[in-house]
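In case you want the letters, here they are:
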Amino acid sequence: SSCHDAWQIAWKSTVHANSYNRLLPDNGANPECLWCHTTGYGKPGGFDPGADGGANFIKEEPNKAAVGCEMCHSVNGGSELRKVMKETKGKFVITEIEKVGYRWDFPNVCKRCHEHPKNPHKKKFDFAAAMKDRDKYIHKAEKMENEHKNGESTTAKNPIKIEDFEIQGGKI
């Protein structure tokens, strides 16, 4: 049980929740695919398919074996984010949570995969259309959009650069 159970339940029925499974069986270990189809691949604490093909992550941390919460809401993984949310009981100031990696530049968050130069899927991404049908792709926004916007967002004004990556020796 967590503060975000309603969002977690809604997310479970989206295409993002099944993004890793869509790679199986052929591309489940392909680093170029894992970069966008999992959470935190190539970063400390992030998804690692390992020798078991990701089975442990699927069992223990299913949100990482998918496009989970932290993929969209954080740049540094979620442990610091979870700490701030727990300490403030969710009543954080936007600038405080941005210091530990929270993102408010949502169009850029989506584009970091959907418009990445190395994305092999050449389908044109339409952020506005995705937001209109967000229940299918992400989760309901409900009150989260403006609930904690007390403070001025740095990431919304200065979007974080879309990360580039290189594959060396089969790893990012």
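Our structure is the block above this text.
Rules of the game
Residues numbered from 1 in each chain as written. Predicted model: local features only at pLDDT ≥ 70, side-chain atom pairs only at ≥ 80, totals over all residues. Heavy atoms only, no water. Helix = DSSP H or I, 4+ residues; strand = E, 2+ residues; numbered from the N terminus. Buried < 20%, exposed > 50% of the residue type's maximum accessible area, 1.4 Å probe, protein only. Contact = heavy atoms within 4.5 Å. Areas by Shrake-Rupley, 256 points an atom, 1.4 Å probe, with all protein chains shown as cover. Core = buried A, V, L, I, M, F, W, Y, C linked by side-chain atoms within 4.5 Å. Disulfide = S-S within 2.5 Å. Phe/Tyr/Trp six-rings, centres within 6.5 Å; stacked < 30°, edge-to-face > 60°.

Participant: Tell me what's going on with the overall build of the protein chain, and back it up with residues and numbers.
Facilitator: Each helix and strand counted, the protein chain has 11 helices and 0 strands in total. Tracing the protein chain from N to C terminus, the helices and strands come up as α-α-α-α-α-α-α-α-α-α-α. For the protein chain, the residues scored as buried account for 40% of the 172 residues in total. Across the protein chain, every contact between residues at least 6 apart in sequence was considered, and the portion connecting residues at least 24 apart equals 63%. When the accessible area of the protein chain is evaluated, it comes to approximately 10,600 Å², of which 54% is carbon and sulfur surface.

Participant: Summarise the nonpolar core; cite the residues concerned and give the values.
Facilitator: Counting 19 residues, the largest nonpolar core has Ile97, Trp104 and Phe106 as its most contacted members. Of all the elements in the fold, those that place two or more residues in this core are helix H2 (31–37), helix H4 (69–73), helix H6 (94–98), helix H7 (106–114) and helix H8 (127–132). If you tally residues by element for this core, the top one is H7, at 4 residues. Ignoring any residue separated from it by four or fewer positions in sequence, one finds Phe106 in contact with Cys72, His73 and Phe127.

Participant: Go over the side chain of Thr39, please, and point to the residues and values.
Facilitator: One can find Thr39 in the loop between H2 and helix H3 (55–60). Not counting residues up to four positions away in its chain, the partners in contact with Thr39 are Gly46, Phe47, Asn63, Lys64, Ala66, Val67, Gly68, Glu70 and Met71.

Participant: Mind laying out the environment of Val15, listing which residues take part and the relevant values?
Facilitator: Residue placement: Val15 occurs in the loop between helix H1 (5–11) and H2. Taking the C-alpha atoms as reference points, Val15 and Val67, separated by 52 residues in sequence, lie 8.7 Å from one another.

Participant: Any chance you could break down the state of the cysteines for me, citing the residues and the numbers?
Facilitator: With the rule as written, the count across this model stands at 1 disulfide. Note that Cys36 is cross-linked by a disulfide to Cys113, the S-S spacing being 2.3 Å. Its S-S torsion of about -100° marks the bond between Cys36 and Cys113 as left-handed, since a negative value means left-handed. Of this pair, Cys36 sits in helix H2 while Cys113 sits in helix H7; the two residues are 77 residues apart in sequence, bridging distant segments of the chain. No disulfide involves Cys33; its sulfur sits 9.1 Å from that of Cys36, the nearest cysteine.

Participant: Can you tell me about unusual backbone geometry, naming the residues and giving the values?
Facilitator: That bond from Leu24 to Pro25 is cis: its omega, 0°, falls within 30 degrees of zero. Structurally, Pro25 is set in the loop between H1 and H2.

Participant: Please provide a residue-by-residue account of H7, values included.
Facilitator: Listed as buried for H7 are Phe106, Asn108, Val109, Cys110, Arg112 and Cys113. Tucked inside the fold, the buried residues of H7 contact H2, H4 and H8.

Participant: Before we move on, could you go through the packing of aromatic side chains and cite the residues and values that matter?
Facilitator: A complete count under the given rule lists 1 aromatic pair for this structure. When the centroid spacing of 4.9 Å and the interplanar angle of 55° are considered together, the rings of Tyr20 and Phe47 count as tilted. You can see Tyr20 sitting in the loop between H1 and H2 and its partner Phe47 sitting in the loop between H2 and H3, a full 27 residues away along the chain. The burial state of Tyr20 is the same as that of Phe47; both residues are buried.

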